[in-house]
Amino acid sequence: MEGTRKEHWWRDAVIYQIYPRSFQDSNGDGIGDLRGIIQRLDYLKELGIDAIWLSPVCKSPQDDNGYDISDYQDIDPMFGSLDDMEELIKEAKKRNIRIIMDLVLNHSSDEHRWFQEAKKSKDNPYHDYYVWRDGKEGVYPNDMRSVFGGPAWEWVPELEQYYFHQFSVKQPDLNWENPKVRREIYDMILWWMEKGAGGFRLDVIDQIAKEPDQKITNNGPRLHEFIQELSRETFQKGDLITVGEAWGADIERAKLYSNPDGSEFSMVFQFEHIGLDQQEGKSKWDVAPLPVVKLKQVLAKWQRELHGCGWNSLFWNNHDLPRIVSRWGNDQKYRVESAKMLATLLHGMQGTPYIYQGEELGMTNVRFADISQYQDIETLNMYKERLDEGYSKEEIMNSIYAKGRDNARTPMQWSGEVNAGFTKGTPWLEVNPNYTKINAESELSDPDSVFYYYQKLIRLRKEHSVFVNGEFTLLMEEDPQVFAYIRKEGDTEVLVCANFSETPAACDLLSEWKDGEVLIWNYKEKGETGVLRPYEAMMIRR
């Protein structure tokens, strides 16, 4: 089994996530686009990444940031045209970069032609592409709620039926029980493969086998049957990277999703580490200090349990999460040190690392003075709700500064020019004012920058197979400051060691490993023996 695994190119790959709306605008309308990405491919080649995961660019009314697709085989005019997409795939390929598309197969937009047909009559051939229940207006089939609030059922008076939607009312759930739906989806994926797509990220894929009458949304009884058929009919016909987004994944399910035999996906996104800094039993907005010992335990568990029988996706950031240097580092005095420390810990692990745009520059969260400057619907809804519940404006803004999704979505900071070189127009979301200090141009001119540190980490993964294959052992498990582990393959051992705090930390490991070869280190000059300075991090090989 392990033998088949070694051929997979993605085992030592590093993936870069682009949120196209915020990456680079090429036509002055203030919105990033595909031609903008093409203009920046040489920058990504210099960083050394192997693939770009592109947040959704298919045609969409944009009710949910493009996760409501109205045509799977066209590009939203906001981002460009199908020709631009084909050119992006071609230009990226010249630089040995693959394009991974973000596909939403659990639901479509209500503006998709399938749904427009489905609503015409119960006898329409497309009617059963969606999930319908007979009923009476105002008497819901059951009390299921949508993820975005309100009932998960929407009444269509002309049919006297409800349709099921786990997300927005404009995102009707597709009926995977219908083999015709599955065939349409497979044909669409094969069409993109033909166009040269290098892989797919499957949004909320663990919800496709829902059984609303039983109130089952994720991990439905037929889930793995559906995924295995999907993989057989599509992914296994090419050399692709595929990643399933599964909020409901535990270790056993993750082993199925990322089985080395390739029967489902290459790897899985799981999110257990992401909720550790919220108050027990409350929402993401109720921030608690990060329990570092718990973080170590969670990450170590996934490292150990999937070794040899599954594959991890390694990430700190994405388009829904706050910037990691602000969240778990120190984005002021130790911004550069802590950004490098967090990168060191993640890139030393087994799995495929993801870099979210701007992470390689140490971009930070934003603190807009007024709610009117925010665009994210989740943030705006929460602001209204919490004001009504009696929270003070200050408390609410502090939650937004810590956890709001617009933290990840402020435009990419390319230079110190107006609007950070992102657009010649008015950006759709304001640029973080610190762009004059933190930007790609200044990073590229500084050999000690966060950018070049990431470049080196990517190179190390390709040069040392221990990062790809090695076993993982957590050290100093109960230490609240030091996060240290060993990767071991054959006779080669690498120590990854970091101070996850802004106060010095005692660490005896350093003297034990003093004769090893330092592969990477985020401080320039030697410190006191046996002590790690604030956010100090290193990898040592012996």
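Every value quoted in this text rests on a predicted model; they were computed, and no experiment measured them.

J.: Please explain the overall build of the chain as it appears in this structure.
T.: Secondary structure summary: the chain contains 18 helices and 20 strands in total. In terms of C-alpha radius of gyration, the chain reaches 24 Å, essentially the compact-globule figure of 24 Å for 542 residues. When its C-alpha atoms are laid out on the principal axes, the chain stretches across 75 × 55 × 45 Å. Relative to its 542 residues, the chain shows a buried fraction of 60%. Intrachain contacts of the chain at a sequence separation of at least 6 include 69% that bridge at least 24 residues. For the chain, the exposed area adds up to about 21600 Å²; of that, 47% sits on carbon and sulfur atoms. On the chain, the mean spot of the 65 positive side-chain charges and the mean spot of the 91 negative ones are 2 Å from each other.

J.: What is the right way to look at the packing of helix 6 (residues 179–194) against helix 7 (residues 223–233) in this model?
T.: Where helix 6 contacts helix 7, the two axes come as close as 10 Å, and the packing angle between them is 40°. If you check the angle between helix 6 and helix 7, you find them oblique. In the crossing of helix 6 with helix 7, the sense of the turn from one axis to the other is right-handed. Judged by residue contacts, Arg182, Arg183, Tyr186, Ile189 and Leu190 of helix 6 engage Phe226, Glu229, Leu230 and Glu233 from helix 7. For the contact of helix 6 with helix 7, the per-class residue count stands at five nonpolar, no polar and four charged.

J.: Teacher, can you tell me more about empty space enclosed by the protein here?
T.: Empty pockets left among the atoms are what a rolling probe the size of a water molecule brings to light. Under the counting rule described, the total for this entry stands at four cavities of 30 Å³ or more. What the largest cavity holds in volume is close to 80 Å³. Every residue along the wall of the largest cavity is listed here: Gln270, His273, Leu299, Trp302, Gln303, Asn312, Ser313, Leu314, Phe315 and Leu346. For the lining of the largest cavity, the elements supplying multiple residues, two or more each, are helix 9 (292–306) and strand 12 (313–314).

J.: I keep staring at unusual backbone geometry and nothing clicks. Help me out?
T.: In this model, Asn96 sits at a positive phi of 60°, which is unusual for a non-glycine residue. Among the structural elements, Asn96 can be located in the loop between helix 4 (82–94) and strand 5 (98–104). Judged by its relative accessible area of 65%, Asn96 falls in the exposed class. One non-glycine residue, Asn219, lies in positive phi territory at about 55°. Looking at the secondary structure, you find Asn219 in the loop between strand 9 (199–203) and helix 7.

J.: Sorry if this is basic, but what is going on with the packing of aromatic side chains here?
T.: Inspection of every chain in the model, using the stated rule, returns 34 aromatic pairs. Their ring planes at 0° and their centres at 3.8 Å tell us that Trp247 and Phe271 sit as a pair that is stacked. Linking Trp247 in the loop between strand 10 (241–245) and helix 8 (251–257) with Phe271 in the loop between strand 11 (267–269) and helix 9, this pair joins segments that are 24 residues apart in sequence. Assessed through its relative accessible area of 52%, Trp247 is described here as exposed. Geometrically, the ring pair formed by Phe271 and Phe315 is edge-to-face, given 5.4 Å between the ring centres and 70° between the ring planes. One end of the pair, Phe271, is in the loop between strand 11 and helix 9; the other, Phe315, is in the loop between strand 12 and helix 10 (324–327), with 44 residues separating them in the sequence.

J.: How should I be thinking about the sheet that holds strand 11 in this particular structure?
T.: Overall, parallel pairing links the eight strands, which are arranged 11-10-9-5-2-1-13-12 in an open sheet. Since the sheet does not close on itself, it has two edges, and those belong to strand 11 and strand 12, each with one partner. Of the pairings in the sheet, the one linking strand 9 to strand 10 comprises four bridges and is parallel in character. Bridge pairing links Arg201 to Val243 in strand 10. Relative to the sheet, helix 4 contacts strand 2 (51–54) and strand 5, its axis offset from that of strand 5 by approximately 140°.

J.: Would you mind going over the side chain of Arg386 with me for this structure?
T.: Locating Arg386 in the fold gives a position in helix 12 (residues 377–388). Setting aside chain neighbours within four positions, we find Arg386 in contact with Ser283, Trp285, Asp286, Tyr391, Ile396 and Ser399.

J.: Even after reading the chapter, I still don't get the confidence of the model for the chain, so can you show me in this structure?
T.: If pLDDT is low for a region, its predicted coordinates should not be looked at in detail. The share of residues in the chain with pLDDT of 70 or more is 99%, and the mean pLDDT across the chain is 96. Low confidence marks residues 1–6, where pLDDT is under 50. Its contacts with residues over four positions away, or in another chain, come to 14 contacts.

J.: Explanation requested: the environment of Gln278 in the structure shown.
T.: Positionally, Gln278 belongs in the loop between strand 11 and helix 9. Gln278 sits in the partly exposed class, given a relative accessible area of 26%. A C-alpha to C-alpha distance of 7.7 Å links Gln278 and Pro289, two positions eleven residues apart in sequence. Discounting residues that sit within four places of it in the chain, Gln278 has contacts with Ser283, Lys284, Asp286, Ala288 and Lys403.

J.: How do you make sense of helix 13 (residues 393–403) when you look at a structure like this?
T.: Given 3.6 residues per turn, any residue in an α-helix points the same way as the ones three and four places further on. Turning to helix 13, its buried residues are Ile396, Met397, Ser399, Ile400, Tyr401 and Lys403. Summarising the contacts, the buried residues of helix 13 are in contact with helix 10, helix 12 and helix 14 (406–409).

J.: Help me out: how do you make sense of the domain arrangement of the chain in this one?
T.: Along its sequence, the chain is organised into domain 1 (7–102 + 321–365 + 409–462), domain 2 (111–162), domain 3 (178–310) and domain 4 (470–539). Listed as interface residues are 20 residues of domain 1 and, on the opposing side, 22 residues of domain 4. Counting each side, the surface lost to burial between domain 1 and domain 4 is near 1800 Å², with a carbon and sulfur contribution of 71%. Its largest share of buried area at the contact with domain 4, domain 1 owes to Tyr334, Met341 and Leu345, together 29% of the area lost on that side. Counting across the interface, domain 1 meets domain 4 through one salt bridge.

J.: How do you make sense of the environment of Asp213 when you look at a structure like this?
T.: Here Asp213 lies in the loop between strand 9 and helix 7. Residues Asp213 and Asn142 lie 71 residues apart in sequence; the distance between their C-alpha atoms is 7.6 Å. Apart from the residues lying within four places of it in its own chain, the contact partners of Asp213 are Arg133 and Asn142. One polar contact links Asp213 to Arg133, side chain to side chain, over a distance of 2.8 Å.

J.: What should I look at first to understand the UniProt feature "domain: Glycosyl hydrolase family 13 catalytic" (unreviewed entry) in the chain in this one?
T.: According to UniProt, the positions carrying the feature "domain: Glycosyl hydrolase family 13 catalytic" (unreviewed entry) are residues 17–409. Taken end to end, residues 17–409 has its terminal C-alpha atoms 12 Å apart, with 32% of it in helix and 13% in strand.

J.: Even after reading the chapter, I still don't get the sheet that holds strand 15 (residues 482–489), so can you show me in this structure?
T.: Where strands meet in a sheet, backbone hydrogen bonds hold them as pairs that are either parallel or antiparallel. The five strands lie next to each other as 14-15-16-20-18, forming an open sheet whose pairing is antiparallel. Pairing within the sheet leaves two strands with one partner each, and these edge strands are strand 14 (471–475) and strand 18 (517–521). For this sheet the average axis-to-axis angle between neighbouring strands, irrespective of direction, equals 20°. Across five bridges, strand 14 lies against strand 15 in antiparallel orientation. Across the sheet, residue Glu471 finds its bridge partner in strand 15, namely Lys488.

How each quantity is defined
- As a convention, each chain's residues are numbered from 1 in the sequence order in which they are written.
- Per-residue local features are limited, in this predicted model, to residues with pLDDT of at least 70; the limit for side-chain atom pairs, both in listing and counting, is 80 or more; totals at the level of whole chains, interfaces and linings are taken over all residues.
- To obtain the side-chain values, all non-hydrogen atoms of the structure were included, while hydrogens and water were left out.
- Each helix is a run of H or I in the DSSP string that is no shorter than four residues. Each strand is a run of E no shorter than two, and both are numbered from the N terminus.
- It is over C-alpha atoms that the radius of gyration is taken, and the globule rule equals 2.2 Å times the number of residues to the power 0.38.
- Each residue's exposure class comes from its accessible area (1.4 Å probe, protein chains only) as a fraction of the maximum for that residue type: buried when under 20%, exposed when over 50%, partly exposed otherwise.
- Residues are treated as being in contact if the distance between any of their heavy atoms lies within 4.5 Å.
- Working definition of accessibility: Shrake-Rupley area with a 1.4 Å probe, residue cover restricted to the visible protein chains.
- We treat Lys and Arg as the positive residues and Asp and Glu as the negative residues; His and chain ends play no part in the count.
- In plain terms, the charge of a residue is placed at NZ if it is Lys, CZ if Arg, CG if Asp and CD if Glu.
- All axes here are fitted lines through C-alpha atoms, helices being fitted over the stretch that makes contact, and every angle between N-to-C directions spans 0 to 180 degrees.
- These descriptions rest on fixed angle ranges, namely under 35 degrees for roughly parallel, over 145 for roughly antiparallel, 65 to 115 for roughly perpendicular, and the rest for oblique.
- Helix crossings fall into two classes, left-handed where the near helix is turned counterclockwise from the far one by less than a right angle and right-handed where it is turned clockwise.
- Under the scheme applied, nonpolar residues are Ala, Val, Leu, Ile, Met, Phe, Trp, Tyr, Cys and Pro; charged residues are Asp, Glu, Lys and Arg; polar residues are all the others, including Gly.
- A cavity here means a set of points on a 1 Å grid, drawn over the protein atoms and nothing else, where a 1.4 Å probe fits but cannot get out; a pocket is an open set with protein on both sides within 12 Å along at least five of seven lines, and a residue lines either one if it has an atom within 4 Å of a point.
- Grid points are joined across faces, edges and corners, and a volume is the space filled by probe spheres set on the points.
- Ring pairs shown here join Phe, Tyr and Trp side chains whose ring centres sit within 6.5 Å, with only the six-membered ring taken for Trp; geometry is labelled stacked below 30 degrees between planes, edge-to-face above 60, and tilted in between.
- Whether two strands pair comes down to DSSP finding at least two bridges between them.
- pLDDT is defined as a per-residue confidence score from the predictor, taking values between 0 and 100.
- An automatic or database domain assignment supplies the start and end points of every domain.
- Here the quantity called buried area is the accessible surface, traced with a 1.4 Å probe, that two parts lose on coming together, added over both.
- Any carboxyl oxygen of Asp or Glu that lies within 4 Å of a side-chain nitrogen of Lys or Arg is treated as forming a salt bridge with it.
- Here a polar contact is recorded for every N or O atom pair within 3.5 Å, except that within protein the pair must consist of a potential hydrogen donor and a potential acceptor, and residues adjacent in sequence are included only if both atoms are side-chain atoms.
- UniProt positions are given in the numbering used here, feature names are shortened, and annotations may be inferred rather than shown by experiment.

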